[in-house]
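Architecture and fold: a report
Okay, here's what each chain looks like letter by letter:
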Amino acid sequence: MLNSATIFDSAISEHLAVAEQLRAQQPLLEQIARAMTRAMMNGNKILWCGNGGSAGDAQHLAAELVGRFRRERRGMPSIALTTDTSALTSIGNDYGFEHIFSRQVEALCTEGDVLVGISTSGNSKNVCAALKEGRKLGAYTVAFTGAGGGAAAEIADAVLSIASKDTARIQEGHILCGHMLCDWIELCVCESQPAERALSTR
C-alpha cells in the first residue's frame, strides 16, 4: 500500500542517516577542501565529471565556484566536463563513450589541478578513465562514490564514499559534501586576500 510512511518518512530517515555518517568523514573532507583551496590559490582549476544525475552535480558544483556560493568574490576556475555537446559527441563517436571525459582531461588538465569524478557505483568506466588520466598528468584526483567505492576507489587519491547503496541517498550525500567544499574554498579565498574580503562584506 502506498502511504506517506513508505515514501516520505523512510526517505527523510535515510537521508538523515546518510548526513549523520558524514561527521566521521570530516578529516577526509578537510583534506579534499585543502587540496581544492590550494589549487585555487595557485592559479589552477577544479574539473568535474559524472554521468546522469552525477553530471548534473558536476555542473552544479562547478557553477557554485565560477559564480558564487555564499560570498561576493572573484570567479574561480572550475569546469564541468559534461556540458560541451560537440566535444562529448565527437569524442564518443570517434573514440567511444568510455573516453568522453579522459580526452577532455588530457586536453584541459595540468599538474596541480583537482579532478573530481562522481559515480554512485564507483564503476563508471568513463569516470575511472578520467581519474587515471588526471593522475597521470599530476592532478589531485577525488572520487565521489557510494558504499564500497567501486573501481574508482583503487584509482583516486581521495575517495569520498557515501555509506549507502541507494542512488538517491548517495547523490544527496554528494551534493551536501560538494556544498561544504564550496563553502570552505570560498571562505579561504575571501579570508586570504584583502580585495576578496572587501567584496565579501559588501
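All of the points below concern the structure found in this document. The structure presented is a predicted model; accordingly, all values stated were derived computationally and were not measured.

What counts as what
- Residues numbered from 1 in each chain as written.
- Predicted model: local features only at pLDDT ≥ 70, side-chain atom pairs only at ≥ 80, totals over all residues.
- Heavy atoms only, no water.
- Pairing = 2+ DSSP bridges.
- Helix = DSSP H or I, 4+ residues; strand = E, 2+ residues; numbered from the N terminus.
- Axes fitted to C-alpha atoms, helices over the stretch in contact; angles between N-to-C directions.
- Contact = heavy atoms within 4.5 Å.
- Polar contact = N/O pair within 3.5 Å; in protein donor to acceptor, adjacent residues only side chain to side chain.
- Patch = residues over 30% accessible without salt bridge, like charges linked within 9 Å, V, L, I, M, F, W, Y side chains within 5 Å.
- Areas by Shrake-Rupley, 256 points an atom, 1.4 Å probe, with all protein chains shown as cover.
- Salt bridge = Lys/Arg side-chain N within 4 Å of Asp/Glu carboxyl O.
- Expected span 1.5 Å × (residues − 1).
- Buried < 20%, exposed > 50% of the residue type's maximum accessible area, 1.4 Å probe, protein only.

Bringing the sheet that holds strand 3 (residues 114-118) into the picture now. Pairing within the open sheet is parallel, and its five strands lie in the order 2-1-3-4-5. Only two strands of the sheet have a single partner each, and these edge strands are strand 2 (78-80) and strand 5 (158-161). Within this sheet the neighbouring strands show an average axis-to-axis angle of 15°, counted without direction. Relative to strand 4 (residues 140-145), strand 3 is paired through five bridges, and the arrangement is parallel. Bridge pairing links Ile118 to Phe144 in strand 4. Docked against the sheet, helix 2 (residues 26-41) engages strand 1 (46-50), strand 3, strand 4 and strand 5, running at close to 130° with respect to strand 5.

Before going further, it helps to spend a moment on the environment of Asp183. Positionally, Asp183 belongs in helix 7 (residues 167-192). In this structure the C-alpha to C-alpha distance between Asp183 and Glu133, which are 50 residues apart in sequence, comes to 28 Å. Asp183 has contacts with Phe69, Arg70 and Arg71, leaving out every residue within four places of it along the chain. Reaching out from Asp183, the side chain makes a polar contact with the side chain of Arg70 at a distance of 3.4 Å.

Another aspect to go through is a nonpolar patch on the surface. Taken together, the side chains of Leu2, Ile7, Phe8, Ile12 and Leu16 present a nonpolar region at the surface, about 560 Å² in accessible area. With respect to the element layout, Leu2 can be found in the segment before helix 1 (4-21).

Between its terminal C-alpha atoms helix 2 stretches 22 Å, which fits the 22 Å expected from 16 residues at 1.5 Å a residue. Every buried residue of helix 2 is listed here: Leu28, Leu29, Ile32, Ala33, Ala35, Met36, Thr37, Ala39 and Met40. Where helix 2 is buried, its residues touch strand 1, strand 3, strand 4, strand 5 and helix 7. Positive backbone phi, approximately 80°, marks Gly43, located one or two places after helix 2.

So, about the pairing of strand 3. With five of five residues buried, strand 3 lies mostly within the body of the structure. Burial along strand 3 is two-sided: the residues Val114, Val116 and Ile118 and Leu115 and Gly117 are all buried. In this sheet, strand 3 lies alongside strand 1 in parallel orientation, the contact comprising five bridges. Looking at the pairing, Trp48 lines up with Val116 of strand 3.

The tally for this structure, following the rule as stated, stands at 13 salt bridges. Note that Arg70 and Asp183 form a salt bridge whose closest N and O atoms lie 3.4 Å from each other. With Arg70 in the loop between helix 3 (53-66) and strand 2 and Asp183 in helix 7, this residue pair connects regions lying 113 residues apart in the sequence. You can call Arg70 exposed: its relative accessible area is 58%. Glu186 is paired through a salt bridge with Arg73; the nearest N and O atoms lie 2.9 Å apart. Here Arg73 lies in the loop between helix 3 and strand 2 and Glu186 lies in helix 7, a separation of 113 residues in the sequence.

Its place among the elements puts Val127 in helix 6 (residues 125-136). The spatial distance from the C-alpha of Val127 to the C-alpha of Leu65 is 21 Å, given a sequence separation of 62 residues. Discounting residues that sit within four places of it in the chain, Val127 has contacts with Cys49, Gly50, Asn51, Phe101, Gly117, Ile118 and Ser119.

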